[in-house]
Amino acid sequence: MTTTIYVCTTCKTADDPSPDRAGARLFKALQEVAHTHQSNVIIEGVECLSVCKRPCTIAFSAQDKWTYVYGDFTADDSAEQILACAAQYAATNDGLIPWKERPDALKKGVIARLPASLTSSRTPETSS
Ligand code: FES
């Protein structure tokens, strides 16, 4: 099963001297090191996850699993922890990763989790 890491490429941090947005730099860093981790992870850039006050922001998603939204990542040194946690996420059946087992940045940065039914391919039940 494929895990998608959505990365907000438009996140920006205060007092960042770089001309490139922090989110875009995190996206690029993830792409650069992804080959050193498992291959069933897709890294997809998105413009805003509506968590603009907690840059940089990402989300893990996979079919029939909880979706997790995380924030507060630094642009230039978070990629390894994110990919390590994505591998943990991919290894679960439901997307739930025990808090104690997460890398430090993903213990502190959790923003939300969304039920699997929101991302599932299941069709809604209809009443008759
Ligand atoms: S700009 Fe990154 S979450 Fe909105």
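Reading the values: the criteria
- Residues numbered from 1 in each chain as written.
- Predicted model: local features only at pLDDT ≥ 70, side-chain atom pairs only at ≥ 80, totals over all residues.
- Helix = DSSP H or I, 4+ residues; strand = E, 2+ residues; numbered from the N terminus.
- Rg over C-alpha atoms; globule rule 2.2 N^0.38 Å.
- Contact = placed C-beta atoms within 7 Å.
- Axes fitted to C-alpha atoms, helices over the stretch in contact; angles between N-to-C directions.
- Left-handed = near helix turned anticlockwise from the far one by under 90°.
- Expected span 1.5 Å × (residues − 1).
- Buried ≥ 20, exposed ≤ 12 C-beta atoms within 10 Å, placed from the backbone.
- Pairing = 2+ DSSP bridges.

Peer 1: Provide a residue-level description of the overall build of the protein, including the pertinent values.
Peer 2: A tally of helices and strands in the protein yields three helices and five strands. In the protein, the order of α-helices and β-strands from amino to carboxyl end is β-α-β-β-β-α-α-β. Against the compact-globule benchmark of 14 Å for 128 residues, the protein has a radius of gyration of 15 Å, which places it among compact chains. With the principal axes as the frame, the protein shows a C-alpha extent of 60 × 30 × 25 Å. Counting contacts in the protein only where the partners sit at least 6 residues apart, residues at least 24 apart contribute 67% of the total.

Peer 1: Explain the packing of helix H1 (residues 22–33) against helix H2 (residues 79–91) residue by residue, including any values.
Peer 2: Packing of H1 against H2 brings their axes to within 9 Å, and their N-to-C directions diverge by 60°. Here H1 and H2 pass one another in a crossing that is right-handed. For the pair H1 and H2, contact is made by Leu26, Ala29, Leu30 and Val33 and by Ala79, Glu80, Ile82 and Leu83, respectively.

Peer 1: So what's going on with H1? Residues and values would help.
Peer 2: Here H1 is 12 residues long and its end C-alpha atoms lie 17 Å apart, about the 16 Å a rise of 1.5 Å per residue gives. Turning to H1, its buried residues are Ala22, Gly23, Arg25, Leu26, Phe27, Ala29 and Leu30. At its buried positions, H1 is contacted by strand E1 (3–8), strand E2 (41–46) and H2.

Peer 1: Requested: an account of the sheet that holds strand E3 (residues 58–61), with residues and values cited.
Peer 2: Across a sheet, strands are paired by hydrogen bonds formed along the backbone, either parallel or antiparallel in direction. Strand order in the open sheet formed by five strands is E2-E1-E3-E4-E5, with mixed pairing between adjacent strands. Looking along the sheet, the strands with just one partner apiece sit at the ends: E2 and strand E5 (110–114). The average angle at which neighbouring strand axes cross in this sheet is 20°, direction not considered. For E1 and E2, the ladder comprises six bridges, and the chain directions are parallel. Note on E2: the bridge partner recorded for Thr3 is Val41. Running at roughly 150° to E1, H1 makes contact with E1 and E2 of the sheet. The sheet strands contacting H2 are E1, E2 and E3, and the helix crosses E1 at an angle near 145°.

Distances and angles like these do not, on their own, reveal function.
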